[in-house]
Amino acid sequence: KAGVTQTPRYLIKTRGQQVTLSCSPISGHRSVSWYQQTPGQGLQFLFEYFSETQRNKGNFPGRFSGRQFSNSRSEMNVSTLELGDSALYLCASSLGSTLNYGYTFGSGTRLTVV
Amino acid sequence: GQSLEQPSEVTAVEGAIVQINCTYQTSGFYGLSWYQQHDGGAPTFLSYNGLDGLEETGRFSSFLSRSDSYGYLLLQELQMKDSASYFCAVRGPRRSNRKLIWGLGTSLAVNP
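Notes on the structure follow.

Conventions and cut-offs
Residues numbered from 1 in each chain as written. Chains lettered and ligands numbered in written order. Predicted model: local features only at pLDDT ≥ 70, side-chain atom pairs only at ≥ 80, totals over all residues. Heavy atoms only, no water. Contact = heavy atoms within 4.5 Å. Buried area = accessible area lost by both parts, 1.4 Å probe. Salt bridge = Lys/Arg side-chain N within 4 Å of Asp/Glu carboxyl O. Polar contact = N/O pair within 3.5 Å; in protein donor to acceptor, adjacent residues only side chain to side chain. Helix = DSSP H or I, 4+ residues; strand = E, 2+ residues; numbered from the N terminus. Buried < 20%, exposed > 50% of the residue type's maximum accessible area, 1.4 Å probe, protein only.

## Some words on the interface of chain B and chain A
Logical step 1: Contact residues are listed per partner, giving 20 residues for chain B and 24 residues for chain A.
Logical step 2: Summing the contributions of chain B and of chain A, the shared interface buries around 1,800 Å²; its carbon and sulfur component is 59%.
Logical step 3: Taken as a group, R91(B), L100(B) and W102(B) account for 31% of the area that chain B buries against chain A, more than any other trio of residues on that side.
Logical step 4: Counting the contacts that link chain B with chain A gives zero salt bridges.
Logical step 5: At the boundary of chain B and chain A, one finds three residue pairs in polar contact (both at pLDDT 80 or more).
Logical step 6: Put simply, the parts of the chain that give the side of chain B that touches chain A at least two residues each are β4 (30–37), β5 (44–49), β9 (84–91) and β10 (100–102) of chain B.

Encoded structure:
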């Protein structure tokens, strides 16, 4: 079966611009979560969606937003980009919203803000 | 606040056994998972402990003690390919709306 697909793989944006990243989960998976990963900072939790509802949100400013569609595909948006937003953004999907299902991660979108 | 603590780096030699600990600062968390991430790759799911005790999957075992808010990942018969970062993750207590919490990761270097 196809894995978690994230598009685009690489992105270069200018400070002040906005960006939308896309995540297509594994077919049948209803839970999608997003993470920001920078060297030395591990996985910083952004949001978690289950059946189009945001279940949880991490400690990120309001410039970071997301949504999930009825087909479980998810998007995240970052407005007014800052240099510090440069990172690898990972999406993960799971059958359910509990840890025992295990999350499958996509390869990520590497965002560079210049 | 709620956080997970893991050692930042661990070094071992091929064939050895290594234990990576994960402690949670606040009680009431739900389950403990472990993920492996090779440089440039995506994290991959290794194990899940919902109850206290040891779970074994091949060379890897994971342990959980909910009363101690403590768990560990045990890697046996280390191989060079085990060099990677290992992350523990829990789902926080009900009062946090069961928010996902991740450790900062442990970088394991396996030397010949």
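Having put the structure on the table, let's press on.
## A closer look at unusual backbone geometry
All names here are of chain A.
Logical step 1: Here the amide bond leading from T7 into P8 is cis, since omega sits at -10°, within 30 degrees of zero.
Logical step 2: Note that P8 resides in the loop between β1 (5–7) and β2 (10–13).
Logical step 3: In this model, E52 sits at a positive phi of 70°, which is unusual for a non-glycine residue.
Logical step 4: Here E52 is to be found in the loop between β5 (42–50) and β6 (53–57).
Logical step 5: Positive phi values are uncommon outside glycine, yet T80 reaches one of about 45°.
Logical step 6: Tracing the chain through its elements places T80 in the loop between β8 (74–78) and β9 (87–94).
Logical step 7: Residue T80 is classed as partly exposed on the basis of its relative accessible area, which comes to 47%.

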